[in-house]
Amino acid sequence: QDWLALRPREPSPSQCCGGGCKPCIYDVYEKELAQWERAKAKQDKSLLTEKREQSSNSVLNPDTFTAFSVSSVEQLTEDTYQYKFELPGNSSLQLSLGQHIVLRGVVNGLEVQRAYTPISPGNAEGYFEVLIKYGELLMLASGTGLAPMLPILQSITDNEEDETFVTLVGCFPTFDKIYLKPLLQDLARYWNIRIFYILSQETSLEKLPWSYQENTYTGRLNEDLMKTIINSCRRRPFVLICGSSAFNEDMTRYLKAAGIEENSCFVF
């Protein structure tokens, strides 16, 4: 069991940016898997850390990832941040003009990698900087109000350069009345998509498939639950609302109570 816990996790297709990165996340996975298999065959866990220790001696290594510390984060605009990373000593990346690097990290429990071109000079010593742009959408849909949300969601997941975080809240009477479950489950596998379900006529989650239980609530989407969802967002979101007239009015009122003004909402 210990060895299974140490086995590298195979990336999902949504984790690959498709930009021809060297190394690709799949290249790294194959190398880490081969290393794990060798260590397991010899029952020697020290072989799993040997490579990491060696790779940390170099600033950049085309065959593996190197850990760098974030020394500062500066917010430049509402959705754009400047990240400054420390390099050991007076070392530099020594990149050619326009050359990019691949950053890898964990977001929502998924390992994500993206290519960025540093904005700092290629010969900058002791640090490098990149710009990372984020956006945040909160989608509130009741019943068939889910329909206009789906093209927006798919446009975000189809664009490998779009790093918008999306929280979709779907309100339905019962689990059986949730539309397009397979599509929604596929979308929820993307690192930047969260989906919650609110089931007004269900009294218990025990009969639901386990994959739904963690992100499903019973009852109605009320003011308190709205505040909980908004507080779970990384920043103040722009909100899209679609449902009946009564639903739209209730959501607008709850959002205002949570500090989201009308100019940050759009009602279909």
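Scroll up to find the structure this text is about.
Since we're looking at a predicted model, the values are computed, not measured. The numbers attached to residues start from 1 for each chain and follow its sequence in the written order. Per-residue local features of the predicted model are confined to residues with pLDDT of at least 70, and side-chain atom pairs are confined, for both listing and counting, to 80 or more; whole-chain, interface and lining totals are unaffected and use all residues. Water and hydrogen atoms were dropped before computing side-chain values, which therefore reflect all heavy atoms in the structure.

If you had to explain the nonpolar core to someone new, which residues and values would you point to?
Most often, soluble globular proteins keep nonpolar side chains buried together rather than apart. Only buried Ala, Val, Leu, Ile, Met, Phe, Trp, Tyr and Cys residues count toward a nonpolar core, and they belong to the same one when joined by side-chain atoms within 4.5 Å. Summary of the burial criterion: residues with accessible area below 20% of their type's maximum are buried, those above 50% are exposed, and those between are partly exposed, where the area comes from a 1.4 Å probe applied to protein chains only. Membership of the largest hydrophobic core comes to 23 residues, with the highest contact counts inside it found for Met139, Leu153, Leu168 and Leu184. Mapped by element, the contributors of at least two residues to this core are strand 6 (135–142), helix 4 (149–158), strand 7 (164–172), helix 5 (181–187), strand 8 (193–199) and strand 10 (238–242). Ignoring sequence-local partners within four residues, the contact set of Met139 consists of Met149, Ile152, Leu153, Val166, Thr167, Leu168, Val169 and Leu240. Val169, Phe196, Ile241 and Phe247 belong to the second-largest nonpolar core, a separate cluster that totals 20 residues. The way it works is that DSSP assigns letters per residue, a run of H or I at least four long becomes a helix, a run of E at least two long becomes a strand, and they are numbered from the N terminus. The contact criterion used throughout is that any non-hydrogen atoms of two residues lie within 4.5 Å.

Account for a nonpolar patch on the surface, with residues named and values stated.
Residues Leu76, Ile119 and Leu131 make up a contiguous nonpolar surface patch of roughly 230 Å² in combined accessible area. Looking at the element boundaries, Ile119 is found in the loop between strand 4 (110–116) and strand 5 (127–133). On the accessibility criterion, Ile119 (42% relative accessible area) is partly exposed. Patches in this entry comprise residues that are over 30% relatively accessible and not in a salt bridge; like charges within 9 Å are linked, as are nonpolar side chains (Val, Leu, Ile, Met, Phe, Trp, Tyr) within 5 Å. For accessible areas, the Shrake-Rupley method is used with a probe of radius 1.4 Å. Any residue's cover is judged against the shown protein chains and nothing else. By definition here, a salt bridge exists when the distance from a side-chain nitrogen of Lys or Arg to a carboxyl oxygen of Asp or Glu is within 4 Å.

Talk me through the sheet that holds strand 9 (residues 216–218); I want residue IDs and the actual numbers.
Judged by pairing direction, the sheet is parallel, and its six strands sit side by side in the order 9-8-7-6-10-11 without closing on themselves. Each edge of the sheet is formed by a strand with only one pairing partner; in this case those strands are strand 9 and strand 11 (265–267). Taking the axes of each pair of neighbouring strands and ignoring which way they run, one obtains an average angle of 15 degrees across the sheet. Pairing between strand 6 and strand 7: eight bridges, direction parallel. Bridge pairing in strand 7 links Ala141 to Gly170. On top of the sheet, helix 4 reaches strand 6, strand 7, strand 8 and strand 10; it is set at about 150 degrees to strand 6, its chief contact. When DSSP finds two or more bridges between a pair of strands, those strands are recorded as paired. Axis definition: a line fitted to C-alpha atoms, over the contacting stretch in the case of helices. Angles run 0 to 180 degrees between N-to-C directions.

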